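# Descriptive analysis of the structure
This is what each chain is made of:
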Amino acid sequence: MAYFFEEPSHTFGEYLLVPGYTSADCIPANVNLVTPVVKFKKGEKPALSMNIPLVSAVMQSVSDDKMAIALAKEGGISFIYGSQTIENQAAMVARVKGYKAGFVTSDSNVKPEDSLQAVIDLKERTGHSTVAVTADGTPNGKLEGIITSRDFRLDRVDLKNSKVSDFMTPFTELITGQDGITLAEASDVIWNNKLNSLPIIDKKGNLKYMVFRKDYASHEEHPLELLDSQQRYIVGAGINTRDYMERVPALLEAGVDVMTLDSSEGFTEWQRRALHDIHEKWPDAKVGAGNVVDREGFLFLAEAGADFVKIGIGGGSICITREQKGIGRGQATATIEVAKARDEYYERTGIYIPICSDGGIVHDYHMTLALAMGADFVMLGRYFARFDESPTNKLIVNGSYVKEYWGEGSNRARNWQRYDMGGASKLSFEEGVDSYVPYAGSLHDNVTMSMSKIRHTMCNCGAMTIPELQQKAKITLVSQASIAEGSAHDVIVKNTTLRAE
Ligand code: IMP
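Residues numbered from 1 in each chain as written. Predicted model: local features only at pLDDT ≥ 70, side-chain atom pairs only at ≥ 80, totals over all residues. Heavy atoms only, no water.

## A look at the overall build of the protein chain
What counts, and what does not: What counts as a helix is a DSSP run of H or I of at least four residues, what counts as a strand is a run of E of at least two, and both are numbered from the N terminus. When we talk radius of gyration, it's over C-alpha atoms, and the globule rule is simply 2.2 Å times the number of residues to the 0.38. Each residue's exposure class comes from its accessible area (1.4 Å probe, protein chains only) as a fraction of the maximum for that residue type: buried when under 20%, exposed when over 50%, partly exposed otherwise. Any pair of residues with heavy atoms lying within 4.5 Å of one another is described as a contacting pair. Neither His nor the chain ends is counted toward charge; the positive residues are Lys and Arg and the negative residues Asp and Glu. Lysine's charge is taken at NZ, arginine's at CZ, aspartate's at CG and glutamate's at CD.
Within the protein chain, the secondary structure is distributed over 15 helices and 24 strands. Relative to the globule expectation of 23 Å for 501 residues, the C-alpha radius of gyration of the protein chain, 25 Å, shows essentially globular dimensions. Each of the three principal axes of the protein chain carries a C-alpha extent, and together these read 85 × 55 × 55 Å. Evaluated residue by residue, the protein chain yields a buried proportion of 51% over its 501 residues. Within the protein chain, contacts between residues at least 6 apart in sequence are counted, and of these 65% link residues at least 24 apart. Looking at charge distribution, the protein chain has the averaged site of its 53 positive side-chain charges lying 2 Å from that of its 65 negative ones.

This is how it looks when you write it as structure tokens:
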């Protein structure tokens, strides 16, 4: 006989947190949102953690290299979409890793014998008014000098017939930094010498990077940015259960930090095989798996070697899986059950496998609920799709700014591998829609606000860390009537913008 779950399955909007005691030191500024990303043994530290509990969804309309840099600056991780060629995905990863926070590598420079026109052309193309001069004009050639648009008057020189070498500040007069210098040290040199930029060179005098005064200011604005040991942004990528033996080495070569099998349903032999093969060939590769929605599914992927497990079927905003196939589970119930299985597994084996609640987050407090219910971090698609940094077009529809957002299982993305059930069967129906989401501005502003709300709620619960929240949270189901009570009610609201998100 079929198995029947005793409880109906619920979603985040049906729950609230009941405050606990708040001590005087439990203030938002003291809340630490650090959270593990990959599994670790009791008493050890995870090989990878995040500074905020957010990752962006493995989707064409959400996670490219631009999104990855913006989110890493805030302390989270993007999983760059896998529904593109291996070369393109690896190139996106490489671009993120090449973007060393505050250390700029240009793709071209000028030579001393070039004309000033070359400097103008380069400025037009890159927007940079400071250009390094290298012996052969290559990005990492021997540094000969620096030329800026302040070194010559446009109305006084013959651009085509004037040489860069006659106007540049030559190497002998330049202050430079040695490769290996930290950003803080470089900034000190810039400030102490009233410079606008500092070229960083290696022992042979070859140019490695430029550090600009304005970039350091931006770095300081992002105290939680997520960097690897070489000061490069951390980045993730999605993979599938078909071409992983080619895709994984290309991503690793490009410098990817963590990957996830991206599938609508992960309790499958295909995921077990992929995890096995990848870990056998690349033992240090970090690979999450999913999605599952119950204890059994979690334990299966845990035994199969997943570094973290993603939860959620059918809850995504663009998802029509439940309508199309009748599979899925309320996201809150799924998270609660998988969290229990994770704790039980930890108790039994001493191995903590982080879990990620993926999809269905609508309001900021849903993130806090997911964490309180046991998630170590949450994956969001719609949320990030609304920001400047998402890869899609910003349009005006019915007088309002919107951004495009489409599911991986829509005809537009055609990511059929995500729904792969093996064999040669061709998917003949969609599991996602193509949609618009309201444009919401910059990622930085929105994430800062969301994290502020999480910190405040955590303080209401008397928790200063995510594990503490998971221990202390008191969570209640609410009736339909109390949900209505929770919004402004029985009044005519004047300023609706106050209630955004
Ligand atoms: P959202 O944050 O509610 O928009 O959900 C995003 C999540 O929906 C993703 O991380 C995926 O797990 C899932 N998803 C992405 N594309 C599709 C689709 O086409 N159909 C069903 N689920 C999808």
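That covers the picture; the talk isn't over yet.
## A word on the packing of aromatic side chains
Convention followed: Two aromatic rings, drawn from Phe, Tyr or Trp (for Trp, its six-membered ring), form a pair once their centres lie within 6.5 Å of each other, and the interplanar angle then sorts them: stacked below 30 degrees, edge-to-face above 60, tilted otherwise. The rule is short: NZ of Lys or CZ of Arg within 6 Å of the ring centre and within 35 degrees of the ring normal puts a charge over the ring.
The full count for this structure, using the stated rule, is 13 aromatic pairs. On the numbers, 5.4 Å between centres and 85° between planes, the contact of Tyr-346 with Tyr-352 is edge-to-face. Given the relative accessible area of 22%, Tyr-346 is considered partly exposed. Ring centres of Phe-384 and Phe-387 lie 6.0 Å apart, and the angle between their planes is 85°; this geometry places the pair in the edge-to-face category. Like Phe-387, Phe-384 is buried. One Lys or Arg, Lys-42, reaches over the ring of Tyr-346 and ends 5.6 Å from the middle of that ring. Above the ring of Trp-191, the side-chain terminus of Arg-213 is found at 4.3 Å from the ring centroid.

## Looking at the environment of Ala-250
With respect to the helices and strands, Ala-250 occurs in helix α6 (residues 244-254). Ala-250 gets classed as partly exposed once you look at its relative accessible area, which sits at 22%. As a C-alpha pair, Ala-250 and Ile-86 span 164 residues in sequence and 7.1 Å in three-dimensional space. Among residues more than four places away in sequence, those in contact with Ala-250 are Ile-86 and Ala-90.

## Structural notes on the pairing of strand β22 (residues 400-406)
Successive residues of a regular strand alternate their side chains across the two faces of the sheet. The line we're drawing: The criterion for strand pairing is that DSSP finds at least two bridges linking the strands in question.
Taken across its seven residues, β22 has five buried, putting it largely inside the fold. One ladder, built from four bridges, connects strand β21 (residues 394-397) with β22; its direction is antiparallel. Bridge pairing in β22 links Lys-394 to Lys-403. As paired strands, β22 and strand β23 (residues 434-438) are joined by five bridges and run antiparallel to one another.

## Focus on the pattern of salt bridges
To keep things clear, this is the line we draw: Salt-bridge detection follows one rule: a side-chain nitrogen of Lys or Arg within 4 Å of a carboxyl oxygen of Asp or Glu.
In the structure shown here, the tally under the stated rule is 20 salt bridges. In this structure, Lys-325 and Glu-431 form a salt bridge, with 2.9 Å as the shortest nitrogen-oxygen distance. Of this pair, Lys-325 sits in helix α9 (residues 321-325) while Glu-431 sits in the loop between β22 and β23, and the two are 106 residues apart along the sequence. Judged by its relative accessible area of 34%, Lys-325 falls in the partly exposed class. Connected via shared salt-bridge partners are Lys-97, Asp-228, Arg-232 and Asp-257.

## What to know about the sheet that holds β23
To keep it simple, the criterion reads: Whenever a helix is involved, its axis is fitted only over the stretch in contact; in every case the axis is a line through C-alpha atoms, and angles between N-to-C directions fall within 0 to 180 degrees.
What the three strands build is an open sheet, ordered β21-β22-β23; its pairing is antiparallel. The sheet is open, and its two edges are formed by β21 and β23, each paired on a single side. Taking each pair of neighbouring strands and ignoring which way they run, the sheet shows an average axis angle of 50°.

## Describing the sheet that holds strand β12 (residues 197-201)
Here we have four strands laid out as an open sheet, ordered β7-β13-β12-β11, and mixed in their pairing. Of all strands in the sheet, those bounded by a partner on one side alone are β7 (103-104) and β11 (177-178). Strand direction decides the pairing type here: β12 and strand β13 (residues 207-212), joined by five bridges, are antiparallel. Residue pairing for β13: Pro-199 is matched across the bridge by Met-210.

## A few points about empty space enclosed by the protein
In this approach the atoms are scanned with a rolling probe the size of a water molecule, which exposes any empty space left behind. Applicable threshold: Cavity and pocket criteria rest on a 1 Å grid covering protein atoms alone: a 1.4 Å probe that fits but cannot get out defines a cavity, protein on both sides within 12 Å along at least 5 of 7 lines defines an open pocket, and an atom within 4 Å of a point defines a lining residue. Grid points are joined across faces, edges and corners, and a volume is the space filled by probe spheres set on the points. Gly counts as polar in this scheme, as do all residues outside two lists: the nonpolar Ala, Val, Leu, Ile, Met, Phe, Trp, Tyr, Cys and Pro, and the charged Asp, Glu, Lys and Arg.
Scanning all chains against the criterion turns up three cavities of 30 Å³ or more. In this structure, the largest cavity occupies an estimated 80 Å³ of space. Every residue lining the largest cavity is counted, 14 residues in all, and those nearest its centre are Thr-241, Ser-263, Gln-271, Gln-417 and Asp-420. Looking at the lining of the largest cavity, its residues break down into four nonpolar, six polar and four charged. The volume enclosed by the second largest cavity comes to roughly 50 Å³. Around the second largest cavity, the lining residues are Gly-82, Ser-83, Gly-238, Ile-239, Asn-240, Asp-262, Asn-415, Gln-417 and Arg-418. By residue class, the composition of the lining of the second largest cavity is one nonpolar, six polar and two charged.

## What to know about unusual backbone geometry
Between Gly-290 and the following residue, Asn-291, the backbone shows a cis peptide bond with an omega angle of 5°. The residue Asn-291 is located in strand β16 (residues 287-292) in this model. In this structure, Gln-231 takes a positive phi of about 70° despite not being glycine. Within the element layout of this structure, Gln-231 appears in the loop between α5 (213-220) and β14 (236-239). A relative accessible area of 29% means that Gln-231 is categorised as partly exposed. With phi around 50°, Asn-398 is a residue other than glycine that occupies positive phi space. Relative to the assigned elements, Asn-398 resides in the loop between β21 and β22.

## Concerning the layout of surface pockets
One number sums up the size of the largest pocket: a volume of about 720 Å³. The wall of the largest pocket is formed by 22 residues, among which Leu-16, His-363, Tyr-365, Gly-486 and Ser-487 lie closest to the centre. Sorting the residues of the lining of the largest pocket by element identifies β1 (15-18), α11 (364-372), α13 (443-460) and α15 (480-486) as the ones contributing at least two each. Of the residues contributing to the lining of the largest pocket, the split by class is nine nonpolar, nine polar and four charged.

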